[in-house]
Amino acid sequence: MRVEQRTVGATCWDSATAFAAHRALAADQCPFSAVTNTQSRQYSCKGTSAKLTSLSSSSMDNGTKDMTGPFKNPSKLLFEQPKIRRIILASYWAIVILAIPLWWTTTSIERLSLPSARVHAQEDKQLHFPLHVEFEAADPNLDAGVIARDVEASFTFQAKDAGKQLDPLLLQFSSREANRSPSSNTYVVSIVRGLDRAVVEGRHLSVPPQEASGIAKYLASLLTPYSSHHDSRSFEHLVAKYAPRYRLAFTMLNQDAAGGKTVAGWDIQEALAHYLAPTFERLSILHNFTVESQVHFHAPLAFEPLKSVENDATYHGLTQEDLTVFVNSAEWTLSSSVSNDPVLHFILFIPSDAHSPLRILDGNNNPTPSTAFILPQWGGITLLNLPEDTPSHIRLSASDLESVFSTFRTQLLTLLGVSDLPAGIAPTDSSPITDWQLDTLYRRRAIENVVSSKETLQSIVKLVDQIPNMPVGQDVKGDVQEALTALEKAYAEAHTSPTLALQYSSQALTLASRAFFNPGMLALLYFPAEHKYAVYTPLFAPVAVPLIVTVLRELSAWRKARNESKKGTVKDDGDKASEPKSQ
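Each value, and the rule that gives it
Residues numbered from 1 in each chain as written. Predicted model: local features only at pLDDT ≥ 70, side-chain atom pairs only at ≥ 80, totals over all residues. Heavy atoms only, no water. Helix = DSSP H or I, 4+ residues; strand = E, 2+ residues; numbered from the N terminus. Buried < 20%, exposed > 50% of the residue type's maximum accessible area, 1.4 Å probe, protein only. Contact = heavy atoms within 4.5 Å. Salt bridge = Lys/Arg side-chain N within 4 Å of Asp/Glu carboxyl O. Pairing = 2+ DSSP bridges. Axes fitted to C-alpha atoms, helices over the stretch in contact; angles between N-to-C directions. Phe/Tyr/Trp six-rings, centres within 6.5 Å; stacked < 30°, edge-to-face > 60°. Lys NZ or Arg CZ within 6 Å of the ring centre and 35° of its normal. Patch = residues over 30% accessible without salt bridge, like charges linked within 9 Å, V, L, I, M, F, W, Y side chains within 5 Å. Areas by Shrake-Rupley, 256 points an atom, 1.4 Å probe, with all protein chains shown as cover. UniProt positions renumbered as here; feature names shortened; annotations may be inferred. Parallel < 35°, antiparallel > 145°, perpendicular 65-115°, else oblique. Left-handed = near helix turned anticlockwise from the far one by under 90°. Nonpolar A, V, L, I, M, F, W, Y, C, P; charged D, E, K, R; others polar. Polar contact = N/O pair within 3.5 Å; in protein donor to acceptor, adjacent residues only side chain to side chain.

Trainee: Just checking my understanding: could you explain the overall build of the protein for this structure?
Mentor: Scanning the protein from terminus to terminus reveals 13 helices and 23 strands. When burial is assessed residue by residue, the protein has 39% of its 583 residues classed as buried. Look at the contacts in the protein between residues 6 or more apart in sequence, and 76% of them connect residues 24 or more apart.

This is the structure:
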């Protein structure tokens with residue numbers, strides 16, 4: 001490649017240097033004191049009046065091309081001018097600033113205030129049930145007033161000695177007044193000759209004269225059947241948590257239908273109508289029941305029963321440890337439908353020939369006469385050992401299921417919290433539950449619901465205070481206010497009707513639970529602040545960093561230009577001052 005050199009102002013140029021100079025000259029400037037390194041040679045340009053008009057070079061094919069053309073200084077481009085650049089930067093910041101209200105509106109949460117003062121005021125409130133116990137004596141030699149005073153003096157001692165819970169009861173003992181209308185809070189105790197044992201009918205207790213001294217003990221067991229503390233002798237640890245609706249699942253399990261005798265079906269509809277329908281009717285104020293049934297033909301145990309011999313007879317036993325793991329949840333499908341209602345299971349288990357007869361053992365591994373047991377708050381299980389002469393395939397009729405469903409009824413009442421009648425007292429009718437038992441169950445469930453409602457409401461208030469960004473919508477606030485109103489009604493109705501107190505307490509519990517498990521609140525229940533940073537940082541950091549850096553650079557350039565402008569003004573003033581004055 002041949003480079004044409006020209007001398008301009010006693011300076012030597014090659015084509016590359018000339019190209020750089022051409023750009024400078026196009027802007028009416030000369031790169032003074034500039035040094036260009038081209039092909040290991042250095043050239044310098046001095047002077048300000050040189051004009052480069054043309055530059056030519058020869059390519060390898062001996063051709064010549066004119067490289068003269070218009071070149072613009074980048075700083076002179078429109079979008080590179082400081083004013084335009086700052087307008088563009090300001091427009092970006094204007095968009096960001098104007099978008100902040102929209103972002104704030106779309107991401108802000110609705111957080112209404114809760115009636116915290118009313119919720120905390122519930123801590124000192126509790127239900128109180130005033131009960132009137134009236135006495136009458138058919139024998140003119142007995143004074144009902146004296147009996148009432150004697151029973152009142154010994155009642156508290158009897159109840160506390162038995163570990164009974166007396167706090168919610170406001171008891172009043174008196175002789176019965178004539179022509180007084182009965183109420184749901186009034187109980188009558190009569191001393192009647194000709195009875196061999198105490199009997200109850202409705203809210204009326206009849207006691208023979210020879211058992212008059214035990215009236216206080218009877219009343220303590222009837223009015224306060226629940227212990228103030230749970231122990232192994234109490235049935236209260238078996239009771240399921242209250243729910244307005246229950247689903248009852250009745251299941252018949254053949255351990256191994258292919259290994260011997262098989263029960264192919266059962267007349268469960270007739271058995272339910274005959275043995276459990278009256279119980280459902282008596283408990284209708286407390287619960288609504290949904291019943292389902294199923295039959296399984298293969299339900300293996302997850303363990304091997306203990307094999308033993310008694311009186312030359314072989315049997316298989318279930319130890320106390322086996323009872324706790326009897327339900328094989330991995331292979332037994334016990335629930336056939338999907339529902340949010342709690343389920344109580346009732347299982348009729350038919351052992352295979354290899355494990356028959358199957359018996360329940362006590363703590364010393366000795367067989368017991370019982371063929372049923374309860375799993376606390378879960379359900380009941382009944383064992384049915386078929387006789388040896390049973391055909392290979394049978395169907396259980398309603399009469400065959402009498403003992404089984406009688407056991408199921410007892411287990412159901414226990415799981416629902418119905419107390420047993422005291423020993424020595426018998427009902428006069430065939431009703432499965434007496435009014436005394438129902439009333440105590442109403443009071444117990446009402447107290448449980450009130451306590452649970454207060455705890456739930458306090459948890460909501462505490463949770464909202466602990467999580468500042470937790471939303472509280474109108475639905476949550478409304479449920480909390482309605483729950484508090486229902487609690488106030490329960491307190492008021494407890495003095496007149498335990499059934500109404502139960503209904504309002506159940507309503508309060510339902511509303512409080514619905515507010516606590518509101519989907520809008522659960523969404524942020526386990527959403528810490530770190531999650532926000534993880535979401536917003538990848539979104540805003542790539543945008544914010546260039547904008548902030550550009551602003552800083554523009555501020556720096558503006559300050560620098562301002563300082564230079566000030567220095568130039570000072571210099572011009574100095575030059576003017578140094579010029580000689582004209583004569």
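Trainee: What exactly am I supposed to notice about the pattern of salt bridges here?
Mentor: Close approach of charged atoms lets side chains of opposite charge pair. Inspection of every chain in the model, using the stated rule, returns 16 salt bridges. Taking the shortest distance from any N to any O, the salt bridge between R247 and E292 comes out at 3.1 Å. Separated by 45 residues along the polypeptide, R247 in strand 13 (residues 245-254) and E292 in strand 15 (residues 288-296) bring together distant segments of the chain. Salt bridges here are not isolated pairs; linked through shared partners, they connect E236, R444, R445 and E448.

Trainee: What's the story with the sheet that holds strand 19 (residues 358-360) in this structure? I'm lost.
Mentor: Sheet strands pair via backbone hydrogen bonds, and the direction of the pair is either parallel or antiparallel. Read across the sheet, three strands follow the order 16-17-19 without closing on themselves; strand pairing throughout is mixed. Strands with a single pairing partner mark the edges of an open sheet, and in this sheet they are strand 16 (306-310) and strand 19. Strand-to-strand, the axes of this sheet are offset by a mean angle of 45°, without reference to chain direction. The sheet contact formed by strand 16 and strand 17 (residues 313-318) spans five bridges and is antiparallel. When the sheet's bridge partners are listed, L306 is paired in strand 17 with G317.

Trainee: Before we go on, may I ask you to explain the packing of aromatic side chains in this structure?
Mentor: Applying the stated criterion to the full structure yields 17 aromatic pairs. Ring plane angle 75° and centroid distance 5.8 Å describe the contact between F326 and W332, whose orientation is recorded as edge-to-face. Neither residue differs from the other here; F326 and W332 are each classed as buried. Three or more aromatic residues joined by ring pairs form one cluster here, namely F250, W266, F346, F405 and F408. Positioned above the aromatic ring of Y315, the side-chain terminus of R359 is 5.3 Å from the ring centre.

Trainee: In this structure, what is going on with a nonpolar patch on the surface? I would like to understand it.
Mentor: A surface patch of nonpolar side chains, amounting to about 610 Å² of accessible area, comprises V96, I100, W103, W104, L539 and F540. Per-element tally for the nonpolar patch: the top contributor is helix 2 (residues 82-107), with four residues. Looking at the element boundaries, L539 is found in helix 13 (residues 529-578). Owing to a relative accessible area of 52%, L539 belongs among the exposed residues under this scheme.

Trainee: Would you mind showing me how to read the UniProt feature "transmembrane region" (unreviewed entry) in the protein here?
Mentor: Residues annotated by UniProt as "transmembrane region" (unreviewed entry) correspond here to residues 87-104. With 100% helix and 0% strand, residues 87-104 has end C-alpha atoms that lie 26 Å from one another.

Trainee: For this particular structure, what's the right way to read the pairing of strand 11 (residues 198-201)?
Mentor: Across three bridges, the pairing between strand 11 and strand 23 (residues 425-427) is parallel. Directly across from A198, in strand 23, lies its bridge partner I425. Relative to strand 12 (residues 204-207), strand 11 runs antiparallel, the two sharing three bridges. Within strand 12, the residue paired with V199 across the bridge is S206. Hairpin remark: strand 11 followed by strand 12, antiparallel, with two residues in the connecting loop; positive phi at G202, about 65°.

Trainee: Just to check I follow, could you spell out the sheet that holds strand 11 for this structure?
Mentor: Strands sit in the order 9-8-10-12-11-23 across an open sheet of six strands; the sheet is mixed. Each end of this open sheet is capped by a strand with a single partner; those strands are strand 9 (169-175) and strand 23. Strand-to-strand twist of the sheet, defined as the mean angle between neighbouring strand axes without regard to direction, takes the value 25°.

Trainee: Looking at this model, I keep getting lost on the packing of helix 9 (residues 435-466) against helix 10 (residues 474-493). Mind explaining?
Mentor: Each pair of packed helices can be summarised by the angle the axes make with each other and by the distance between the axes. Packing of helix 9 against helix 10 brings their axes to within 11 Å, and their N-to-C directions diverge by 150°. Accordingly, the angle class assigned to the pair helix 9 and helix 10 is roughly antiparallel. Regarding helix 9 and helix 10, the two cross each other, and that crossing is left-handed. Listed contacts from helix 10 to V450, S453, K454, L457 and I460 of helix 9 are V480, A483, L484, L487 and Y491. Its residues assigned to classes, the contact of helix 9 with helix 10 shows eight nonpolar, one polar and one charged.

Trainee: Help me out: how do you make sense of the environment of S453 in this one?
Mentor: Considering the arrangement of structural elements, one finds S453 in helix 9. With a relative accessible area of 0%, S453 lands in the buried category. As a C-alpha pair, S453 and L487 span 34 residues in sequence and 8.2 Å in three-dimensional space. If sequence neighbours within four positions are ignored, S453 has contacts with L487, S505, A508, L509 and A512. A distance of 2.7 Å separates a polar side-chain atom of S453 from the backbone oxygen of N449.

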